[in-house]
Amino acid sequence: MFNSLSEKLESAFKNLKGQARITELNIANTVKDIRRALIDADVNFKIAKEFTDKVKEKALGEKVINSVSPGQLMVKIVQDELTELMGGTAADFSVTGNPAIILIAGLQGSGKTTFTGKLANYLKVQKGKSPMVVAADIYRPAAIDQLTVLGEQIGVPVYAERDNKDAVSIALNAIKEARAQNKNVVIIDTAGRLAIDEAMMTEVANIKQAVNPTEILFVVDAMTGQDAVNTAKAFNDRLDFTGVVLTKLDGDTRGGAALSIKYTVQKPIKFMSSGEKMDTLDVFYPDRMAQRILG
Ligand code: GDP
């Protein structure tokens, strides 16, 4: 994951470690290499600059120059700042309520339906919950079929109404049905579009207003870098979501989305998802991710 970023950061530190005497200029050069590595990973320029300014200030303040192991101290500073950039500590995910209602939003193809299945499986297997998933996509019958297959695979009931063209009423009926069946979590998979679209936003906003969700998760394909960040901003402006889900981290992702989303929308990344298997969902821990990036 984020291999290219990891390699470039490692080489930035290597230059510092190789110096017989450390000077402010050495630090400035290392910081410049770090900034370039972040920008190559598709981190927005402003975020990369602010990040490296902070690293530089800390490095000079903590006297990397006089340290016995300047390289190591520099790695530690960068690790702490990366953790901070991605949100510091792991965010809470609430499944209280009877039932807890989790609304899933995002563009078509981002991995919403796959994530809906994974989250239901995670809550069932790891949290002992009794979930129901809802196919609230009124445009693509294939989306209902896809969720039905996943539901069967994980042993979770799927609520759908193939002839109902009102997503809000499907969501409300599903919650009624969940109560009747004693289900304590309802996960609503909404319709997406290939690009930001006013009708889609209105529909999800209407569902939000009608069901008053416990959590609203915005799902985004991590492979899309700065586009992912821009999409997150548009969805957050409209939905004020509670958390982000990064998908497709198994692919050749550069890291820009993971590193920039929290800063841009001020909402935590709550889950990360890699692969299509139902048991591969992970809670997002900023410190572990920072550690992983720095190898
Ligand atoms: P939706 O349109 O947002 O509901 O997206 P889907 O869940 O249907 O996913 C779109 C495509 O991406 C499908 O082919 C999925 O199998 C695939 N997909 C979803 N999540 C992941 C993931 O984490 N990794 C990979 N490699 N593929 C994924």
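Refer to the structure presented above.
Predicted, not measured: the structure shown is a model, and the values here were computed from it. Per chain, residue numbering runs from 1 following the sequence as it is written. Reporting in this predicted model follows two pLDDT cut-offs: at least 70 for local features of residues, and 80 or more for side-chain atom pairs to be given and counted; totals over whole chains, interfaces and linings ignore these cut-offs and use all residues. Hydrogens are left out, water is left out, and the side-chain values use all remaining heavy atoms of the structure.

Visitor: Just give me the short version of the site of the ligand, but keep the residues and values in it.
Guide: For this description, a residue counts as near a given molecule or strand if any of its non-hydrogen atoms is within 4 Å of it. As a matter of local geometry, the ligand sits amid 16 residues, with G109, T113, T114, D250 and E276 nearest to it. Contacts to the ligand include S273, whose backbone N or O atom sits 3.3 Å from an oxygen atom. Isolated, the ligand exposes 570 Å² of accessible area, and the fraction of that covered by the protein chains is 78%. Using a 2 Å cut-off from the grid points, one finds that the ligand occupies the largest pocket. Of the residues forming the shell around the ligand, the biggest block, three residues, is contributed by helix α5 (residues 112-125). Here the shell around the ligand is built from residues that sort into one nonpolar, ten polar and five charged. Whenever a nitrogen or oxygen atom comes within 3.5 Å of another N or O atom, the pair is scored as a polar contact, on the condition that within protein one atom can donate a hydrogen and the other can accept it, and that pairs from neighbouring residues in sequence are kept only if both atoms are in side chains. Surface exposure here means Shrake-Rupley accessible area, sampled with a 1.4 Å probe, where a residue is shielded only by the protein chains that are shown. Space inside and on the surface of the protein is sampled on a 1 Å grid over the protein atoms alone, with a cavity defined as a set of points where a 1.4 Å probe fits but cannot get out and a pocket as an open set with protein on both sides within 12 Å along at least 5 of 7 lines; lining residues have an atom within 4 Å of a point. In this scheme, a molecule is assigned to a cavity or pocket if more than half of its atoms are within 2 Å of the grid points. A run of H or I in DSSP counts as a helix once it spans at least four residues, and a run of E counts as a strand once it spans at least two, with each numbered from the N terminus. Residue classes follow a fixed rule: Ala, Val, Leu, Ile, Met, Phe, Trp, Tyr, Cys and Pro count as nonpolar, while Asp, Glu, Lys and Arg count as charged, and any other residue, Gly among them, counts as polar.

Visitor: Describe in detail the packing of aromatic side chains, supporting the description with residues and values.
Guide: Stacked, tilted and edge-to-face pairs are distinguished by plane angle, under 30 degrees for stacked and over 60 for edge-to-face with tilted covering the rest, among Phe, Tyr and Trp rings (Trp via its six-membered ring) whose centres lie within 6.5 Å. A full pass over the atoms with the stated rule returns five aromatic pairs. Both rings, one in Y122 and one in F271, keep their centres 5.7 Å apart while their planes meet at 75 degrees; by these two values the pair is edge-to-face. Here F271 lies in strand β7 (residues 269-273) and Y122 lies in helix α5, a separation of 149 residues in the sequence. F271 matches Y122 in its accessibility class, with the two residues each being buried. Measuring from centroid to centroid gives 5.2 Å for F218 and F241, while their planes differ by 10 degrees, and the two rings are stacked. On the criterion of sequence distance, the pair formed by F218 in strand β5 (residues 215-221) and F241 in the loop between α9 (225-239) and β6 (243-247) is long-range, its members being 23 residues apart. Whether a residue is buried, partly exposed or exposed follows from its accessible area with a 1.4 Å probe, protein chains only, as a fraction of its type maximum: under 20%, in between, or over 50%, in that order.

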